[in-house]
Amino acid sequence: MTGTDHDYLTDLARRLRDSGVPEQQIDTTVRELSDHLDHSGATAEEEFGPLAEFADQLGARGERSGSAPETAPDADAEEWRWSADIYLDVELLNRYGDQGWEVDRMDRIGRFVARRDRDRAMRWEYRREVVPRRRRNDSAAELAPEGWEPCGHWGHIAYYKRPLSVLVGPDAEVTEPPSGPLPKFFLSRQTKNMMVVGLVGWAILAVLYILNRTDTGMWIGAAVGGVIGGIAAVIGVRNDLRKRTGAPRRAADGSLEEGGAGSA
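Small disclaimer: the values here were computed from a predicted structure and weren't measured.

Kindly report on the overall build of the chain, identifying the contributing residues and their values.
Across its full length, the chain holds 9 helices and 7 strands. Here the chain, with 264 residues, has 39% of them falling under the buried criterion. In the structure as shown, the chain presents an accessible area of about 14700 Å², 55% of it carried by carbon and sulfur atoms.

Shown next, in the form of structure tokens:
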């Protein structure tokens, strides 16, 4: 992290303190942002946008969360950290959003940090967009009139949430929330298939190496084929990601319809 980034975070902490955000929450937030910058390699300005705007967003979030630290739920609330691949994330976000789980943010290893107050659980709706870092603030501003607010990002993938009461009013309350889910990580069939293909490919390369370790031409061909295959896989994932962005389709009662964005 550069000296400029350090100044950014120091000024951010000062602004949050002036906004009345609890000191423990400020320390936790700054530490996680610093870790994220070390991991991403981007500058603070590129990653989080203009300092004043970012401080206002975090300050407003701190006011909503009250005096509780951002990483600790209220005494009566549940917290669940989980992750999923791009073929399941939006589907599961909305499935569990219907059960009252609100995503507060994504942590530094890419997990959704979700909370739920079982006594006052409300249904939430989620969407995903592919957004360059420099356009995150613009994207949030474009979606804000429809009630969407950012709730996490990972690379160029941005997630947004809004309370379902925007669509269905009082029916958005979850009267009998089901028990909290146990899984921490979800993999789709597509990802599992890609993992199997990758393992088989490595096994074949290992066998070829044992049998033909001196054949330079074969290894050049294998390397070229591996690069081409990797590029094709990345392009395929990006195309799938773009096809599945946006918000899911819902019926008049707020229930999810088949084939909405993010369905697997």
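Quick rundown of the pairing of strand β5 (residues 149–154)? Include the residues and the values.
Of the strand pairs in this sheet, β5 and strand β6 (residues 157–163) are connected by 5 bridges, and their pairing is antiparallel. Across the sheet, Glu149 pairs through a bridge with Lys161, a residue of β6. Here β5 folds back onto β6 in antiparallel fashion, the turn holding 2 residues, of which Gly155 has a positive phi close to 65 degrees.

Report on helix α5 (residues 89–97), specifying residues and quantitative values.
Here α5 lies mainly inside the structure; 7 of its 9 residues are buried. Inspection of α5 places Asp89, Val90, Leu92, Leu93, Asn94, Tyr96 and Gly97 among the buried residues, and these make up the whole buried set.

Report on helix α1 (residues 3–18), specifying residues and quantitative values.
Taking 1.5 Å per residue as the helical rise, α1 with its 16 residues ought to reach 22 Å, and the 23 Å between its terminal C-alpha atoms agrees with that figure. Buried within α1 we find Asp5, Tyr8, Leu9, Leu12, Ala13 and Leu16. The buried residues of α1 all sit within an arc of 135 degrees when viewed along its axis, so they share a single face. Turned more than 90 degrees off the buried face of α1, the exposed positions are Thr4, Asp7 and Asp18. At the C-terminal side of α1, Gly20 shows a positive phi close to 90 degrees.

Hey, could you go over the environment of Thr29 for me, with residue numbers and the actual values?
Within the secondary structure, Thr29 is located in helix α2 (residues 23–40). Judged by its relative accessible area of 10%, Thr29 falls in the buried class. Measuring from C-alpha to C-alpha, the distance between Thr29 and Ala13 comes to 8.7 Å, with 16 residues separating the pair along the chain.

I'd love a proper account of the sheet that holds β6, names of residues and values included.
Picture the strands of a sheet paired through backbone hydrogen bonds; they go either parallel or antiparallel. As summarised here, the arrangement of the 3 strands in space is β4-β6-β5, forming an open sheet in which the pairing is antiparallel. Across the chains shown, the open sheet's two edge strands, defined by having one partner strand only, are β4 (124–130) and β5. Averaged over all pairs of adjacent strands, the angle between strand axes in this sheet comes to 25 degrees, irrespective of strand direction. Strands β4 and β6 of the sheet are contacted by α5, whose axis makes an angle of about 165 degrees with β4.

With reference to specific residues and values, describe the side chain of Ser188.
Among the secondary structure elements, Ser188 is positioned in the loop between β7 (185–186) and α8 (189–211). Excluding residues within four positions of it along the chain, Ser188 makes contact with Asp85, Tyr87 and Leu88.

Tell me about the nonpolar core, and name the residues and values.
By size, the foremost hydrophobic cluster in this structure holds 20 residues, and its most contacted members are Trp82, Leu92, Leu93, Val103, Phe112, Tyr159 and Phe186. Listing elements by their share of this core, those giving two or more residues are β1 (77–84), α5, β2 (102–106), β3 (112–117), β4 and β6. The residues contacting Tyr159, other than those within four sequence positions of it, are Asp89, Leu93, Met106, Phe112, Arg127, Arg128, Glu149, Pro150, Cys151 and Gly152. Core analysis: the next-biggest nonpolar cluster, separate from the first, contains 16 residues, Leu12, Ala13, Ala55 and Leu58 among them.

Thresholds, definitions, all that
- Residues numbered from 1 in each chain as written.
- Predicted model: local features only at pLDDT ≥ 70, side-chain atom pairs only at ≥ 80, totals over all residues.
- Heavy atoms only, no water.
- Helix = DSSP H or I, 4+ residues; strand = E, 2+ residues; numbered from the N terminus.
- Buried < 20%, exposed > 50% of the residue type's maximum accessible area, 1.4 Å probe, protein only.
- Areas by Shrake-Rupley, 256 points an atom, 1.4 Å probe, with all protein chains shown as cover.
- Pairing = 2+ DSSP bridges.
- Expected span 1.5 Å × (residues − 1).
- Arc of directions from axis to C-beta.
- Axes fitted to C-alpha atoms, helices over the stretch in contact; angles between N-to-C directions.
- Contact = heavy atoms within 4.5 Å.
- Core = buried A, V, L, I, M, F, W, Y, C linked by side-chain atoms within 4.5 Å.

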